Amino acid sequence: MFQNKKHRIALISVDGDPAIEIGKEEAGGQNVYVRQVGYALAQLGWQVDMFTRYSSPEQDAIVQHSQNCRTIRLKAGPSEFIGRDHLFDYLSEFLREFQQFQQNQGFQYPIIHTNYWLSSWVGMELRKQQPLIQVHTYHSLGAIKYRSISNVPVIAIQRLAVEKACLETADRVVATSPQEQKHMRILVSPNGRMEMIPCGTDIDRFGKIAKFAAREHLGITSDTKMVLYVGRFDQRKGIETLVRAIAKSELRGKANIQLVIGGGSRPGQSDGIERDRIANIVAELGLKDCTIFPGRLDDTVLPYYYAAADVCVVPSHYEPFGLVAIEAMASRTPVVASNVGGLQFTVVPEVTGLLVPPKDEVAFAAAIDRILTNPDWGKQLGETGRQRVEIAFSWDSVASRLAQLYTRLLAQSTLVIENKPQLVA
Ligand code: UDP
């Protein structure tokens, strides 16, 4: 009985569906994290249920990923895409649906891992109603986000309060980088229990394709200097800085530079608007001939793009972790990234890539040029990047660290329950 309980876990990600296409508006690192952690935990023997909300009427209620791992969609507001800033009002419905699901199944999850502040609220409410261990990962902190935007949304006050309450009450908050851990302490609360466990990547999926084979597959010539961006279209991702850096590159006109800006977008939505804005800057700077927008890069092509690139650029204004950097490193591609947040943890300057101040197009241009003009050094940076990912950032190692944390917390709570019989009743 205890064995069964011990191995059942709910990963809750109200806004980030682990079973949908990644790379479109608001579907990025969090979705990948939940999905990969879920898959890996299932392989370790856990019974994993990943909960999210319906965002389209065509979606299945349950997606079975493997014998022990499934995505379960609950109703929370209309079955359509709703931006994160507008989801809070539907969380009570999500909570009721979750409880109903438990009741129908005839069990309660002894442990949940919540993702992003919206799900942390669900977790904290559940915890008031049943014996439960809550582990939480923020993925993004309001305290940092709101410092960098001018139009702070109405929900900000609620979000900051929930983030503080969660840090102070959750059984464990998982920081994905030492930088995020420090920011949580300074900006969210001096209290609360934290543990640093990074994000990971699939080291079998990335890094298995040779550069020449990837280029042949994508139709990229061997003399092309390929600069790659992968990610969502969002102003805070700093794509504009990258485009302006390419315009300033000393290699322009001397070498065959190709800028590839990969990521999905939907016309009229905020990512579509940002994509159009970037395309206009590309045109204004006369870069149309050397820039391509291949759209969303799905599982079948993404490893080829990383493997084909001479450098992958992550120009974000802030990243709590930044999966793209380690995916590129796993693919033996050097990274030029903003010197912020988790990128300071993953990218080792002069060893696996280069770090430069965010929004500084001149510094980005210089760093990109340094790598493009020294292919042997670029190759060396790529090899070391691969080693770093193998050692520190494989999903298997990340999931086994999470599994150890869950097991420890479950063992501790069993002791507490044994000492306090009234909790068992
Ligand atoms: N991604 C993808 N296809 C795309 C664009 C992005 O699969 O066209 C994935 C990318 O590989 C990474 C994730 O989306 O796994 C983005 O995560 P990251 O942490 O870099 O940024 P976030 O989206 O969380 O801000």
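I will try to describe carefully the structure that is included in this document. All values reported here derive from a predicted model rather than from experimental measurement. All residue numbers refer to position in the chain's written sequence, counted from 1. With the structure being a predicted model, the display of local features is reserved for residues of pLDDT at least 70 and the display and counting of side-chain atom pairs for 80 or more, all residues being used for whole-chain, interface and lining totals. Only hydrogens and water are set aside; all other atoms, that is, all heavy atoms of the structure, feed into the side-chain values.

Below, the discussion takes up helix α10 (residues 270-284). Note on helix geometry: an α-helix contains 3.6 residues per turn, so any two residues three or four positions apart are oriented the same way. Numbering of helices and strands runs from the N terminus, with a helix taken as a DSSP run of H or I at least four residues long and a strand as a DSSP run of E at least two residues long. A helix is expected to reach a length of 1.5 Å times the quantity of its residues less one. End to end, α10 covers 21 Å across 15 residues, agreeing with the expected 21 Å (1.5 Å per residue, within 8%). Those residues of α10 hidden inside the fold are in contact with α9 (239-248), β10 (257-262) and β11 (291-295). At the exit of α10 stands Gly286, carrying a positive phi of roughly 70°. By the convention used here, residues are in contact when the closest approach between their heavy atoms is within 4.5 Å.

When DSSP locates at least two bridges between a pair of strands, those strands are taken to pair. Judged by pairing direction, the sheet is mixed, and its eight strands sit side by side in the order β3-β4-β2-β1-β5-β6-β7-β8 without closing on themselves. Single-partner strands in this sheet number two, and they are β3 (62-66) and β8 (194-196). The mean angle between the axes of side-by-side strands here comes to 20°, regardless of whether they run parallel or antiparallel. With six bridges connecting them, strand β2 (residues 47-53) and strand β4 (residues 69-74) associate as parallel partners. When the bridges of β4 are listed, Arg53 appears paired with Leu74. Against the sheet, helix α2 (residues 29-43) makes contact with β1 (8-12), β2, β3, β4, β5 (111-115), β6 (133-137) and β7 (172-175), and its axis sits at roughly 160° relative to β2, the strand it touches most. To define axes, lines are fitted to C-alpha atoms, for helices over the stretch in contact only, and angles between the resulting N-to-C directions are given on a 0 to 180 degree scale. Where helix α4 (residues 116-129) meets the sheet, its contacts fall on β1, β5 and β6, and the angle it forms with β5 comes to roughly 150°.

We now examine the state of the cysteines. Here, two cysteine sulfur atoms that lie within 2.5 Å of each other are counted as a disulfide. One pass over the full model with this rule turns up zero disulfides. With no disulfide partner, Cys290 has as its closest neighbouring cysteine sulfur the one in Cys312, 17 Å distant. Throughout this description, buried means an accessible area under 20% of the type-specific maximum (1.4 Å probe, protein chains only), exposed means over 50%, and partly exposed covers the range between. The exposure class assigned to Cys290 is buried, which follows from its relative accessible area of 17%. Looking at Cys312, it has no disulfide partner, and the nearest cysteine sulfur is the one in Cys199, 16 Å off. Judged by its relative accessible area of 0%, Cys312 is buried.

Moving on to the packing of aromatic side chains. Note on aromatic pairs: the rings of Phe, Tyr and Trp (six-membered ring only in Trp) are paired at centre separations within 6.5 Å, and the planes decide the class, stacked below 30 degrees, edge-to-face beyond 60, tilted for the rest. By the definition in use, this model includes 13 aromatic pairs. Seen from their ring centres, Phe51 and Phe98 are 4.7 Å apart, and the 65° between their planes marks the pair as edge-to-face. With a gap of 47 residues between them, Phe51 in strand β2 and Phe98 in helix α3 (residues 91-105) connect regions that are remote in the sequence. Note on accessibility: Phe51 and Phe98 belong to one class, buried. Ring centres 5.3 Å apart and planes at 80° place the aromatic pair Phe51 and Phe101 in the edge-to-face group. With Phe51 in strand β2 and Phe101 in helix α3, the pair connects residues that are 50 residues apart, well separated along the chain. Assigned by exposure class, Phe51 and Phe101 land together as buried. Aromatic ring contacts, followed pair by pair, group Phe51, Phe98, Phe101, Phe107 and Tyr109 into a single cluster. Only when the NZ of Lys or the CZ of Arg is both within 6 Å of the ring centre and within 35 degrees of the ring normal is a charge said to sit over the ring. Above the ring of Tyr116, the side-chain terminus of Arg84 is found at 4.9 Å from the ring centroid. Across the ring face of Phe81, the terminal group of Arg266 is positioned such that the distance to the ring centre comes to 4.8 Å.

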